[in-house]
Amino acid sequence: MSSPGGTYRNMAAMRILVAEDDASIRELLVHHLARDGFIPIEAPDGPTALRLSRGGADLVVLDIGLPGLDGLDITRTLRREGRTTPVVMLTARAEEVDRIVGLELGADDYVVKPFSPREVVARVRAILRRSGLKHDPGPQVLRFGRLEIDDSAREVRVDGVDIGLKPREYALLHALAENVAVAMSRDTLLERVWGYDFDGDERTVDVHVRRLRMKLEEQHGLPACIQTLHGFGYKFSPA
Ligand code: CA
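About the thresholds
Residues numbered from 1 in each chain as written. Predicted model: local features only at pLDDT ≥ 70, side-chain atom pairs only at ≥ 80, totals over all residues. Heavy atoms only, no water. Helix = DSSP H or I, 4+ residues; strand = E, 2+ residues; numbered from the N terminus. Buried < 20%, exposed > 50% of the residue type's maximum accessible area, 1.4 Å probe, protein only. Contact = heavy atoms within 4.5 Å. Areas by Shrake-Rupley, 256 points an atom, 1.4 Å probe, with all protein chains shown as cover. Salt bridge = Lys/Arg side-chain N within 4 Å of Asp/Glu carboxyl O. Pairing = 2+ DSSP bridges. Axes fitted to C-alpha atoms, helices over the stretch in contact; angles between N-to-C directions.

### Things to note about the overall build of the protein
Secondary structure assignment for the protein yields 8 helices and 12 strands. Burial statistics for the protein: of 239 residues in total, 47% are counted as buried. Considering only intrachain contacts with a sequence separation of at least 6, the fraction spanning at least 24 residues in the protein is 57%. Of the roughly 11400 Å² that the protein leaves accessible, carbon and sulfur atoms contribute 51%.

What follows is the structure, encoded as structure tokens:
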């Protein structure tokens, strides 16, 4: 089912939002998605799910029964806003109406609980492959001197050579570089890159910034581009 490298290469490091209020199901899916090289982002309730869906998830695995705002409302809102982000619905109710309504609203697929996480990951892959064939967004490359951030290949290159960032390092650098000269709080970065704030451990962001600086500046001799804003967060300021 899962093929290493080859066909699925461009799917690596895709940001998959897992919107599910049942923590054990959410963690199971997050675990399997991460193991397959995706970047899982987590939302435990409807409003968070909607915010993070708008914030650049590549695909949303969306539980129908979410507190605050249900999965159907979220899908309806996203489609009304013209967003085409693929949605895989999770439902505990096997009734036909849920399936049809979900798909009519613009969900791309659905899985009925209880499901195997492998099945969900397989659906995610199938939909990404399908939507990748449907609309190729073309090259999306951010360039800052010798540094290139290629969002279609999910690659960071220095002088044209991939420097092999880990998925979260990539996602963090991309989140910063998309917002040149914008002060971004640790909270915002945590949410963009990891999903909702697990235990509020903002040091995770600091650790990853340190690794990025090591790879970009020390290993590849780039000028400093990530500025620390003490007591707040970080800012991308390329030389
Ligand atoms: Ca639920």
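Let's pick the thread back up.
### Brief notes about the pattern of salt bridges
In total, this model carries 22 salt bridges according to the counting rule given. In this structure, R15 and D58 form a salt bridge, with 3.8 Å as the shortest nitrogen-oxygen distance. Placement of R15 in strand β1 (residues 15-19) and of D58 in the loop between α2 (46-54) and β3 (59-63) is noted, with a sequence separation of 43 residues between them. Here E191 and R51 are joined by a salt bridge, their closest N and O atoms 2.7 Å apart. With E191 in helix α7 (residues 186-194) and R51 in helix α2, the pair connects residues that are 140 residues apart, well separated along the chain. A residue is classified by how much of its surface remains accessible, and R51, at 44% relative accessible area, is partly exposed. Several salt bridges share partner residues, and in doing so they unite R143, E148, D150, E155 and R157 into one network.

### So, the sheet that holds strand β8 (residues 155-158)
Here we have 4 strands laid out as an open sheet, ordered β6-β7-β8-β9, and antiparallel in their pairing. A strand with exactly one partner marks an edge of an open sheet, and here the two such strands are β6 (141-144) and β9 (161-162). Pairing analysis gives 2 bridges linking β8 to β9, with the strands arranged antiparallel. Within β9, the position partnered with V158 by the bridge is V161. Helix α6 (residues 167-177) rests against β6, β7 (147-150) and β8 of the sheet, and its axis sits at about 105° to β7.

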